[in-house]
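# Per-entry structural report
Residues per chain are reported as follows:
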Amino acid sequence: MSTVIKGARPYGEGDPVDVLIEDGVITAIGAVQVPEGAEVIEAAGQVLLPGFVDLHTHLREPGREDTETIDSGSAAAALGGYTAVFAMANTDPVADNAVIVDHVWRRGQEVGLVDVHPVGAVTVGLKGEKLAELGTMAASQARVKVFSDDGLCVADPLLMRRALEYSTALDVVIAQHAEEPRLTVGAQAHEGERAARLGYTGWPAAAEESIVARDCLLALHANARLHVCHVSTSGTADVLRWAKDRGTKVSAEVTPHHLLLTDERLATYDPVNKVNPPLRTESDAERLRTALAEGVIDCVATDHAPHAVQDKDTEWSAARPGMLGLQTALSIVAETMVRTGLLDWRGVARVMSERPAEIGNLADQGRPIAAGEPANLTLVDPDAEWTVRGAELASIAANTPYEGMRLPGVVTATLLRGRVTARDGKIC
Amino acid sequence: MKHLLATDGLDPALATAVLDTADELKHTLLGREVKKLPTLRGRTVITLFYENSTRTRVSFEIAGKWMSADVINVSASSSSVNKGESLRDTALTLAAAGADCVIVRHPASGAAQRLSEWLAEPGTSVVNAGDGTHEHPTQALLDAATLRERLGSLKDRRIAIVGDVLHSRVARSNIHLLAALGAEVVLVAPPTLLPYGVESLPVTVSHDLDAELPAVDAVMMLRVQAERMHGGFFPSAREYSIAYGLSERRQKLLPDHAVVLHPGPMLRGMEIASAVADSPASAITEQVRNGVHVRMAVLYHLLASEGATA
Ligand SMILES: [Zn+2]
């Protein structure tokens, strides 16, 4: 089985080339003879990138299949240009053991649209009391590489120290949802001028920054790998820069929504804008964009969080936090990073594919576009625009804050090991 | 006026019109034995209270009844709320049953605004009777009515709001309305009871009540919830009372014309000395009386004065 991508520009650079893919591997780049029976993808004017990797996805299976399944979430991922996603552990039951992580991994393989890598819980039941069997999960069929209690913070400093220390024997990474729970009791929105006026209970920036600072010091002490989930404040960027300068093995992600949206949205009281950590100020968003461009923040992760209508169309305080992200991520990055000149397409490849693959320890993802490399690829039309309609997205839930927005950058095709998984907005 | 959700952004001319209507209603009803106007005959007003507040609910109920509206009280304890029905479904049910106006009290900030969006289709008006720590606009209007009565005008008057501003929807509503009507507001509270970002509000901030009192035309004491006293917001009720309570000694620092307000219920002795609450400077019972007239005026502007005002 062979495929030829005709006339795309890898990383948006240089002259258009043809890419020949045979048996899941890139075999030639340049002027390519189209083999008989080959599938041809006309890609003139398009940018060819390594397939995107999302370190932070909530697929809701098992437990909330009314909002997303591994099937529907994989479709959303493929349509969004992803070839691998990491599925967070806060399912019901929690992915804190080999049985659940293997189930998630196997379902991902059966669906076959995207590699689904389960994230294992750091603590049993996400309770923050006792380490889960990290070693057993790492050695399971799913080969768990990332552990996180996301949704909750491993707040106990001693338990976090033990998790970091223990992880060094397994070559895995502990991904922390940085939120000091004592500082965020009842928190509903970024603590600042807008929350003060609108009567939201505040989620102070320091609740994130203090945990990130603490964890960086613990990771340095333990010589362990720490990954900071969904960085939301400029102060956290300061802490990360300081920690990296000292040689801490820390990486960090930022969500598309924290790059674009701000607490200006609070005035609507519409919980489609409710997310944890909350939308911050314009100056935070600005700093997150430059920190991503400079590499202080390593990558973009979606925190794709599907929710049912009855969990969102409520009064603000009753709503669950989270928003969809997989199918809009590339466009938000194009809007905030490419249009602004902060990143070129090679930079996009770095933050959406290469760095997340490295952090998640995936050998066959985020690879260079070169002969001999696995054909995990994404084609993007950089000049096209589209209008977001939640109901038309592949997710079962429809909670997108970008409803009706016109966005740049359209994913036109996604290839997983040479197989076209999505093309022109449709699953293949 | 379609809804009354907040005083933040409320047109000062409209606020003044409501206050003027309240004055007229007060004079019309003065000395009448039967306090009943036919203005809202045939209209249905529902009070939907998710928090107990006899004081506010009764004030709205009397206001509606004095204008001949059919007033139905729905409270969380007796409604389907306890069965897990969502606010949205409850609101749509009430609108379908023919409510012209829903007066809502809810523990979530923004609940009244959400309600107004869900009820946009049936065209039901919404009055915010207190949403979380956001606003309580009719309380601010009745406070403004009371201050206007005592001080003549609010223009360039200086008003101290004292106590738990952080959790107070009354404070937020008053800050915006008083500023819109030309008054200066000074917040006096311990730093733990002021919202982070308070400097974005049209106020000045002080932690020294003694220093502020000689220069104010009115002092508005806020309620301190019992749970705050044990929540580490300040060391003890005693220390709070010493620093921020309106004692008889402190009252002597006020100018002679100054007015003392309290939204009630009062913690006598701690927030305010009994002698101060019962003194001629206190307008606390007038606040309650004016509350009915102000709420009548709000219902009038929402339901009866089609096209008469913005
Ligand atoms: Zn999280």
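Parameters and conventions
Residues numbered from 1 in each chain as written. Chains lettered and ligands numbered in written order. Predicted model: local features only at pLDDT ≥ 70, side-chain atom pairs only at ≥ 80, totals over all residues. Heavy atoms only, no water. Helix = DSSP H or I, 4+ residues; strand = E, 2+ residues; numbered from the N terminus. Rg over C-alpha atoms; globule rule 2.2 N^0.38 Å. Buried < 20%, exposed > 50% of the residue type's maximum accessible area, 1.4 Å probe, protein only. Areas by Shrake-Rupley, 256 points an atom, 1.4 Å probe, with all protein chains shown as cover. Lys, Arg positive; Asp, Glu negative; His and termini not counted. Charge placed at Lys NZ, Arg CZ, Asp CG, Glu CD. Salt bridge = Lys/Arg side-chain N within 4 Å of Asp/Glu carboxyl O. Domains from an automatic or database assignment. Contact = heavy atoms within 4.5 Å. Buried area = accessible area lost by both parts, 1.4 Å probe. Polar contact = N/O pair within 3.5 Å; in protein donor to acceptor, adjacent residues only side chain to side chain. Nonpolar A, V, L, I, M, F, W, Y, C, P; charged D, E, K, R; others polar. UniProt positions renumbered as here; feature names shortened; annotations may be inferred. Phe/Tyr/Trp six-rings, centres within 6.5 Å; stacked < 30°, edge-to-face > 60°. Lys NZ or Arg CZ within 6 Å of the ring centre and 35° of its normal. Axes fitted to C-alpha atoms, helices over the stretch in contact; angles between N-to-C directions. Parallel < 35°, antiparallel > 145°, perpendicular 65-115°, else oblique. Left-handed = near helix turned anticlockwise from the far one by under 90°. Pairing = 2+ DSSP bridges. Core = buried A, V, L, I, M, F, W, Y, C linked by side-chain atoms within 4.5 Å.

### Overview of the overall build of chain B
Check the secondary structure of chain B and you find 12 helices and nine strands. Radius of gyration (C-alpha) of chain B: 19 Å, near the 19 Å computed for a compact globule of 310 residues. The principal-axis extents of the C-alpha atoms in chain B amount to approximately 55 × 45 × 35 Å. Within chain B, the fraction of its 310 residues that count as buried is 58%. Counting every atom, chain B has about 12300 Å² of accessible surface; 52% of that belongs to carbon and sulfur. Of note, chain B has its 30 positive side-chain charges centred 5 Å away from the centre of its 34 negative side-chain charges.

### Observations concerning the pattern of salt bridges
Counting across every chain of the model gives 47 salt bridges over all chains. Across the salt bridge formed by R346 of chain A and E13 of chain A, the nearest N and O atoms sit 2.9 Å from each other. Of the two residues, R346 of chain A is situated in helix α12 (residues 345–359) and E13 of chain A in the loop between β1 (2–10) and β2 (17–22); the sequence distance between them amounts to 333 residues. According to the relative accessible area criterion, E13 of chain A is partly exposed, its value standing at 32%. Residues D20 of chain B and R148 of chain B are paired through a salt bridge, measuring 2.9 Å at the closest nitrogen-oxygen approach.

### Some thoughts on the domain arrangement of chain A
Residue and element names in this part refer to chain A. Here the domain parsing of chain A yields domain 1 (2–47 + 374–385 + 406–427) and domain 2 (51–359). With centres defined by C-alpha atoms, the gap from domain 1 to domain 2 works out at 29 Å. With 24 residues of domain 1 at the interface, the matching set in domain 2 holds 23 residues. Summing both sides of the interface, domain 1 and domain 2 together bury roughly 1900 Å²; the carbon and sulfur share of this comes to 63%. The tally of links from domain 1 across to domain 2 stands at three salt bridges. Put simply, E385 and R339 hold a salt bridge, and the shortest N to O gap is 2.7 Å. Here domain 1 is connected to domain 2 by nine residue pairs in polar contact (both at pLDDT 80 or more). Elements represented by at least two residues in the side of domain 1 that touches domain 2 include exactly β16 (377–387), β17 (406–416), β18 (419–423) and β19 (426–427). Among the elements that take part in the side of domain 1 that touches domain 2, β17 stands out by supplying seven residues, more than any other. For the side of domain 1 that touches domain 2, the per-class residue count stands at 12 nonpolar, seven polar and five charged.

### Regarding the UniProt feature "binding site: L-aspartate" (unreviewed entry) in chain B
Residue and element names in this part refer to chain B. Feature annotation in UniProt assigns "binding site: L-aspartate" (unreviewed entry) to the following positions: K83, R169 and R223. Here the side chain of R169 touches E51 through a polar contact of 2.8 Å, side chain to side chain. Along the polypeptide, R223 turns up in the loop between β8 (218–221) and α8 (226–229). Using a relative accessible area of 35% as the deciding quantity, one classes R223 as partly exposed. In this view, R223 contacts D164, H262, G264, P265 and E271; residues no more than four positions away in its chain are not counted. Among the polar contacts listed, one links the side chain of R223 to the backbone oxygen of P265, at a separation of 3.4 Å.

### Concerning the packing of aromatic side chains
Applying the stated criterion across every chain yields a total of five aromatic pairs over all chains. When the ring of F52 of chain A is compared with that of Y82 of chain A, the centres are 5.6 Å apart and the planes differ by 75°; the resulting orientation is edge-to-face. Linking F52 of chain A in strand β6 (residues 52–57) with Y82 of chain A in strand β7 (residues 82–87), this pair joins segments that are 30 residues apart in sequence. Judged on exposure class, the residue F52 of chain A and its partner Y82 of chain A are both buried. An aromatic cluster is defined as three or more aromatic residues linked by ring pairs; in this entry it consists of Y200, Y269 and W316 of chain A. It is K35 of chain B that lies over the ring of W66 of chain B; its NZ or CZ is 5.8 Å from the centre. The cationic tip of R295 of chain B hangs over the ring face of F60 of chain B; the distance from NZ or CZ to the ring centre is 4.7 Å.

### Brief notes about the packing of helix α1 (residues 12–29) of chain B against helix α12 (residues 284–304) of chain B
Residue and element names in this part refer to chain B. α12 packs onto α1 with a crossing angle of 120° between their chain directions and a minimal axis gap of 8 Å. Taken together, α1 and α12 sit at an angle that is classed as oblique. Considering the relative orientation of α1 and α12, their crossing is right-handed. Along the contact surface, α1 presents L14, A17, V18, T21, A22, L25, K26 and L29, while α12 presents N290, H293, V294, M296, A297, V298, Y300 and H301. Tallied by class, the residues present in the contact of α1 with α12 amount to 11 nonpolar, four polar and one charged.

### Here we look at unusual backbone geometry
The step from N276 of chain A to P277 of chain A runs through a cis peptide bond, and the omega angle for that step is 0°. Of note, P277 of chain A is situated in the loop between α8 (256–260) and α9 (282–294). With omega at -15°, the peptide bond leading from G264 of chain B into P265 of chain B counts as cis. In this model, D23 of chain A sits at a positive phi of 50°, which is unusual for a non-glycine residue. With respect to the secondary-structure elements, D23 of chain A resides in the loop between β2 and β3 (25–30).

### Notes on the sheet that holds strand β2 (residues 70–75) of chain B
Residues and elements named next belong to chain B. One open sheet accounts for four strands, arranged β2-β1-β3-β4; its pairing is parallel. Strands at the two margins of the open sheet, each flanked by one partner only, are β2 and β4 (125–131). Taking the axes of each pair of neighbouring strands and ignoring which way they run, one obtains an average angle of 15° across the sheet. Bridging between strand β1 (residues 44–49) and strand β3 (residues 101–106) involves five bridges; their strand directions are parallel.

### So, the UniProt feature "active site" (unreviewed entry) in chain A
All names here are of chain A. Per the UniProt entry, the sites bearing "active site" (unreviewed entry) are D303 in this numbering. Mapping D303 onto the fold places it in the loop between β15 (299–300) and α10 (309–312). We classify D303 as buried; its relative accessible area is 7%. What D303 contacts, discounting residues up to four positions off in sequence, is H56, H58, D150, H230, T255, H257, N276 and M323.

### Considerations on the packing of helix α2 (residues 54–66) of chain B against α12 of chain B
All names here are of chain B. At their nearest, the axes of α2 and α12 sit 8 Å apart, and the two run at 55° to each other. In terms of their interaxial angle, α2 and α12 are classed as oblique. For the pair α2 and α12, the crossing hand works out as right-handed. Within the contact between the two elements, α2 uses R55, T56, S59, F60, I62, A63, G64 and W66 and α12 uses V288, G291, V292, H293, R295, M296 and L299. Of the residues contributing to the contact of α2 with α12, the split by class is eight nonpolar, five polar and two charged.

### So, the nonpolar core
Residues and elements named next belong to chain A. With 99 residues, the main nonpolar core has I5 and M352 as its most contacted residues. Counting contributing residues, this core receives three or more from each of domain 1 (2–47 + 374–385 + 406–427) and domain 2 (51–359). If sequence neighbours within four positions are ignored, M352 has contacts with F52, V53, Y82, V300, A329, L330 and V333.

### Description of the interface of chain B and chain A
Of the residues lining the interface, 23 residues belong to chain B; the matching set on chain A comes to 19 residues. Counting each side, the surface lost to burial between chain B and chain A is near 1700 Å², with a carbon and sulfur contribution of 48%. If you sort the residues of chain B by the area they bury against chain A, R114, Y196 and S200 of chain B come out on top, with a joint share of 31%. Among the ionic pairs, D313 of chain A bridges to R88 of chain B, the shortest N-O distance being 2.9 Å.

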